[in-house]
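# Coordinates in review
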Amino acid sequence: MSLRTYCKAAAWAALAASAGLAGCASTQSSQTVVAAAPPPVLRPAPDPRVAEPAAAPAGAVYAETKDGAFTVPGVKPGQVDQAFLRKNVAYSTKEPPGTIVIDPVNHYLYHVEEGGRATRYGVGVGREGFAWAGEATIKSKQEWPDWYPPKEMVERRPDLKKQLVELQSGLGMHGGPGNPLGARAMYLWQGDKDTLFRIHGTNEPWTIGQSQSSGCIRMINQDVMDLYEKTPAGARVVVLPARVAGR
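Residues numbered from 1 in each chain as written. Predicted model: local features only at pLDDT ≥ 70, side-chain atom pairs only at ≥ 80, totals over all residues. Heavy atoms only, no water.

## Concerning the overall build of the protein
Basically, it comes down to this: Strands are runs of DSSP state E lasting at least two residues, helices are runs of H or I lasting at least four, and both sets are numbered from the N terminus onward. Each accessible area is a Shrake-Rupley estimate made with a 1.4 Å probe; only the visible protein chains count as cover when residues are assessed.
Scanning the protein from terminus to terminus reveals two helices and 17 strands. Counting every atom, the protein has about 11,300 Å² of accessible surface; 56% of that belongs to carbon and sulfur.

## Examining the packing of aromatic side chains
Note the threshold: When the centres of two rings from Phe, Tyr and Trp lie within 6.5 Å, Trp using its six-membered ring, the rings pair. Their planes under 30 degrees apart give stacked, over 60 give edge-to-face, and anything left gives tilted. The buried label applies to any residue whose accessible area, calculated with a 1.4 Å probe on protein chains only, is under 20% of its type's maximum; exposed applies above 50%, and partly exposed to all values in between.
Considering all chains together, one arrives at four aromatic pairs under this definition. Both rings, one in phenylalanine 84 and one in tyrosine 108, keep their centres 5.7 Å apart while their planes meet at 50 degrees; by these two values the pair is tilted. Of this pair, phenylalanine 84 sits in the loop between strand S5 (70-72) and strand S6 (87-91) while tyrosine 108 sits in strand S8 (residues 108-113); the two residues are 24 residues apart in sequence, bridging distant segments of the chain. Tyrosine 108 sits in the buried class, given a relative accessible area of 5%. Here the aromatic rings of tyrosine 91 and tyrosine 110 are separated by 4.1 Å at their centres, their planes lie at 15 degrees, and the arrangement is stacked. Remark: tyrosine 110 occurs in strand S8 and tyrosine 91 occurs in strand S6; sequence separation between them is 19 residues.

## Describing helix H2 (residues 221-230)
Among the 10 residues that make up H2, seven are buried, leaving the element largely enclosed by the rest of the structure. Buried within H2 we find Asn221, Gln222, Asp223, Val224, Met225, Leu227 and Tyr228.

## Comments concerning the side chain of asparagine 106
Selection rule: Two N or O atoms count as a polar contact when they lie within 3.5 Å, although within protein this holds only if one can serve as hydrogen donor and the other as acceptor, and sequence-adjacent residues are included solely when both atoms are side-chain atoms.
Its place among the elements puts asparagine 106 in the loop between strand S7 (100-103) and S8. Polar contacts involving the side chain of asparagine 106 include one to the side chain of aspartate 103, which spans 3.0 Å.

## Topic: the pattern of salt bridges
Cut-off, in case you're wondering: Whenever a carboxyl oxygen of Asp or Glu lies within 4 Å of a side-chain nitrogen of Lys or Arg, that contact is scored as a salt bridge.
Within this structure, the stated rule accounts for 10 salt bridges. The salt bridge involving arginine 236 is made with glutamate 95; its shortest N-O contact spans 2.3 Å. Of the two residues, arginine 236 is situated in strand S17 (residues 236-239) and glutamate 95 in the loop between S6 and S7; the sequence distance between them amounts to 141 residues. On the basis of relative accessible area, arginine 236 is assigned to the partly exposed category, the value being 29%. The closest approach of N and O atoms between aspartate 226 and lysine 230, which form a salt bridge, is 3.1 Å. Note that aspartate 226 and lysine 230 are positioned in helix H2 at a spacing of four residues, about one turn of the helix. For lysine 230, a relative accessible area of 32% puts it in the partly exposed group. Within the structure, one salt-bridge network assembled from shared partners comprises Arg86, Glu113, Asp223, Asp226 and Lys230.

## Quick word on the environment of tyrosine 91
The buried category is assigned to tyrosine 91, whose relative accessible area is 4%. For tyrosine 91 and glycine 115, which are 24 residues apart along the polypeptide, the C-alpha to C-alpha distance reads 9.0 Å.

## Some thoughts on the nonpolar core
Let me state the cut-off plainly: We call a set of buried residues a nonpolar core when its members are Ala, Val, Leu, Ile, Met, Phe, Trp, Tyr or Cys and they connect through side-chain atoms within 4.5 Å of each other. The contact rule is simple, with two residues in contact once any of their heavy atoms fall within 4.5 Å.
Counting 26 residues, the largest nonpolar core has Leu109 and Ile199 as the members making the most contacts within it. Elements that contribute at least two residues to this core include exactly S7, strand S9 (117-126), strand S10 (132-143), strand S13 (184-190), strand S14 (193-200), strand S16 (217-219), H2 and S17. Here the element with the most residues in this core is H2; it accounts for four residues. Each residue touching leucine 109, except ones within four places of it in the same chain, is listed here: Ile100, Val101, Ile102, Thr119, Arg120, Tyr121, Val123, Ile199, Ile217, Met219 and Leu227.

## Points about the side chain of asparagine 179
Within the secondary structure, asparagine 179 is located in the loop between strand S12 (170-172) and S13. Those residues in contact with asparagine 179 that sit more than four places away from it in its chain are Pro145, Asp146, Trp147, Met173, His174 and Asn203.

## As for unusual backbone geometry
A positive phi angle, close to 60 degrees, is found at histidine 107, a residue other than glycine. Inspection of the secondary structure assignment puts histidine 107 in the loop between S7 and S8. You can call histidine 107 buried: its relative accessible area is 10%. Of note, tryptophan 144 is a non-glycine position whose phi angle comes to about 45 degrees, a positive value. Relative to the assigned elements, tryptophan 144 resides in the loop between S10 and helix H1 (151-156).

## Brief notes about the confidence of the model for the protein
The cut-off we apply is this: Across the chain, each position has a pLDDT score giving the predictor's confidence in that residue, from 0 to 100.
Taken residue by residue, the protein gives an average pLDDT of 80. The fraction at 70 or more is 72%. Here residues 1-23 is modelled with pLDDT under 50, and outside its nearest four sequence neighbours on either side it reaches 74 contacts, counting other chains as well. Counting interchain partners and residues more than four positions distant, the pLDDT-below-50 stretch residues 53-57 has five contacts.

## Examining the pairing of S17
Stated formally: Here a strand pair is declared whenever DSSP counts at least two bridges between the two strands.
One ladder, built from three bridges, connects S7 with S17; its direction is parallel. Directly across from valine 101, in S17, lies its bridge partner valine 238. As defined by bridge partners, S10 adjoins S17 across four bridges and the pair is classed as antiparallel. The partner of alanine 136 across the bridge, within S17, is valine 237.

As structure tokens, then:
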């Protein structure tokens, strides 16, 4: 199935109050592994493919944590609807273990596991006009990735230059807690073509469960770190059509 995009992946989502940048088009650094008040969050319709177990307490899963040179902020109560917190669930799919399946309608990402199970994560997805669907491969992945906004984006937002510096691959932003790609990024390719779409963290956890991005898949930083450890370069990713809630 070929990847379908409905507008340029370089499009720009509005800046949040501080460094709340959104966007996915970026190149990668030498550390790449290769192969205001939050808006209300609406609970998605129940997924008929999933038998829901009792919810487990978030506990230390979303607590503040030290990660190398950086500190990942904890997720505050009420920032993310509990429906979108990480959970191991029963999951019926024909996809083999290790596959990542993204359901943009319900704002979930599933990491398929043995025995009819999956780890389910809440995600933020592309807003209307930025949706995409198809199959891809994680060609590479990176911890605390640098971010390089496209030239067209900088031209549209000259004020953005104040937040950028000259990096090894051009004008961009160093990886860190204020970077819009968050703590981890996984880069989606089709064959030898970069789709310009990513699975990445976010410094705006309240956007999880919403359709606000420029097409990329955002996750809570603690969740993308967990998925990163489970997912090798070369893993297959299936993004379901936005108009279809199931596969």
